[in-house]
Structure formats: structure tokens, C-alpha cells
Amino acid sequence: MLNAEMLMYMPDLRTPRLKLRKLTMRDAQDIYRYSRDPEVARHVLWDAHRSIGDSRAFLRWMTHRYRTHEPASWGIELLDTGRIIGTIGFMWVQQDNNAAEVGYSLARDCWNQGYMTEALKAVLRYGFESMHLNRIEAQHETTNPASGAVMRKCDMRREGTLRGRLFNKGKYVDVDLYAILRKDYNRANARRF
Ligand SMILES: CC(C)(COP(=O)(O)OP(=O)(O)OC[C@H]1O[C@@H](n2cnc3c(N)ncnc32)[C@H](O)[C@@H]1OP(=O)(O)O)[C@@H](O)C(=O)NCCC(=O)NCCS
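Residues numbered from 1 in each chain as written. Predicted model: local features only at pLDDT ≥ 70, side-chain atom pairs only at ≥ 80, totals over all residues.

Caption draft 1: The overall build of the chain, seen in detail. Looking only at helices and strands, the chain features 7 helices and 8 strands. Its C-alpha radius of gyration of 16 Å places the chain within 12% of the 16 Å reference for a compact globule of 193 residues. Based on the C-alpha atoms only, the size of the chain along its principal axes is roughly 45 × 35 × 30 Å. In the chain, which comprises 193 residues, the share counted as buried stands at 31%. (Helix = DSSP H or I, 4+ residues; strand = E, 2+ residues; numbered from the N terminus. Rg over C-alpha atoms; globule rule 2.2 N^0.38 Å. Buried ≥ 20, exposed ≤ 12 C-beta atoms within 10 Å, placed from the backbone.)

See the structure below:
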């Protein structure tokens, strides 16, 4: 199957504690519950949701992307409760270079329990094994070290700091760029088994 078809397909991805699945309009309450938190929104490029209408608008935008087969995010569902606790997905995919960038966010009451590491590993596996990508990037504001820790735990390597790369919440911010190549992924998996 071609990369583009895999992107369009976005199947559910299972991990020990999570199901990554496409979002639906029924997820508005769960999305609003954590996206209203300014701490969650601090280092991402969207603003904290001010009403459930903002969450519905986000879901309309995301479900439109599913329909038009543009890069999109999975909802992160906690298997135990069925609650949507975050999102993770591809910000862009370049067919010519077989490259993509991932981005993610998680409800604050779920931080530091290894959930995003678990989710990112599943998305990297999908990117390399199903989409046949060669390079997957991720970036985080230098003032958001927890995100860098997630990337390193998934065998991504820091390639440098991009100064003033983004204009976020009223100021230019530096970001650390991480990436993992297919050969790094294969090597890391060979070590594990
Ligand atoms: C960044 C984020 C995704 C991390 O998710 P998470 O599920 O808490 O991540 P994990 O539990 O898998 O790992 C977090 C790691 O960060 C570390 N960490 C947490 N706070 C830290 C800090 N202030 N400085 C350094 N490391 C920190 C934890 O110790 C842990 O590493 P360890 O397992 O080696 O101890 C989550 O905090 C989040 O969604 N934040 C808001 C949105 C956001 O910033 N998205 C990313 C944009 S690039």
C-alpha cells in the first residue's frame, strides 16, 4: 500500500494502555476538558479552548482532514475508561522525501505516567512499518523539556536548536528539532529483540 493510502486509512493503533483512534464529534466534552487548560496549551500552536464550541470547531476541522486525507491526528483513548486524554498525529507528510513530522498533546492529569511515550512509539512504528517513511521529525520549545524527554525515550535524536523558529503566544521561541531515521528505528528494534 502507498504512503498516501496509509495516511488516509489511519487505522486504530493499540498499545498496552491506549487505543489511538480517529476522533468524532462525540469526543467534544473530553477534548474540552483538557484543552481549556492554559498549561496544556502553553507550548503548542493552538490557544486554550474558551468554550466547548472551540472544541467542536477543532473536531470539525480534524474530521474534515480525515475525509480529505490530509495529515491528521489520532485521539488518544485510555483503554480503562474510554476517555480521550490527548491527540497525536502527523503535522505534515512529504511524499517525495518519505518524511513527516509528529505532534502531540495530553491532558495535564495524565502527565508523567508514560502515556505519550507509549503513544509516540506506536505512531513511529506505524510511520516506519506501514507508511514506509524514512525520517520522522518532532520539535518542541526549548522551555518544554518534558517533550524532549518523550522524544529521547522513543530513540529520536536531537539535531539542534532552531532559534526564533516559531511565533507562539506573542513571542518568538526557540525550538529543539529531533528526528529518527528508519535505520535508527531498525537498529533500536534489533537491540530490543
Ligand atoms: C509533553 C507531554 C506530551 C509529555 O507527555 P507525558 O505522557 O507526560 O510523557 P511521559 O510520561 O511519557 O514522559 C515524560 C518525561 O518528561 C520528564 N519530565 C517531566 N517534566 C520535566 C521537566 N520539567 N524537565 C525535564 N523532564 C521532565 C519526565 O520525568 C518523563 O521522563 P522519564 O520517564 O525519563 O522520567 C505532555 O506533558 C503534554 O502534553 N504537555 C502539553 C502539550 C505539549 O507540550 N505538547 C508537546 C508540544 S512539543
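Still more to cover.
Caption draft 2: Just the site of the ligand, in detail. What surrounds the ligand is a group of 20 residues, the closest being Leu106, Met116, Thr117, Ala146 and Ala149. Counting residues per element, the ones that place at least two in the shell around the ligand are β5 (99-106), α5 (115-129) and α6 (145-153). Here the shell around the ligand is built from residues that sort into 11 nonpolar, 9 polar and no charged. (Near = placed C-beta within 6 Å. Nonpolar A, V, L, I, M, F, W, Y, C, P; charged D, E, K, R; others polar.)

Caption draft 3: Seen up close, the nonpolar core. Among the nonpolar cores identified, the biggest contains 41 residues, and Ile76, Ile88, Val102, Ala119, Leu120 and Leu124 are the most heavily contacted of them. When residues of this core are assigned to their parent elements, the largest contribution, 8 residues, is made by α5. In this structure Val102 touches Ile88, Gly89, Phe90, Met91, Leu120, Val123, Ile136 and Ala138, once residues within four positions along its chain are discounted. (Core = buried A, V, L, I, M, F, W, Y, C linked by C-beta atoms within 7 Å. Contact = placed C-beta atoms within 7 Å.)

Caption draft 4: Here's a closer look at α6. Turning to α6, its buried residues are Ser147, Val150 and Met151. Burial along α6 is one-sided: seen end-on, the buried residues are contained in an arc of 95°. For α6, exposure combined with an orientation more than 90 degrees from the buried face picks out Pro145 and Ala146. Check the buried side of α6 and you find it contacts α5, β6 (135-141) and β8 (171-181). (Arc of directions from axis to C-beta.)

Caption draft 5: Expanded view of the environment of Val102. Checked against the element boundaries, Val102 lands in strand β5. Residue classification places Val102 among the buried positions, given that 25 C-beta atoms sit within 10 Å. Sequence spacing of Val102 and Ala179 is 77 residues, and the spatial spacing of their C-alpha atoms is 9.8 Å.

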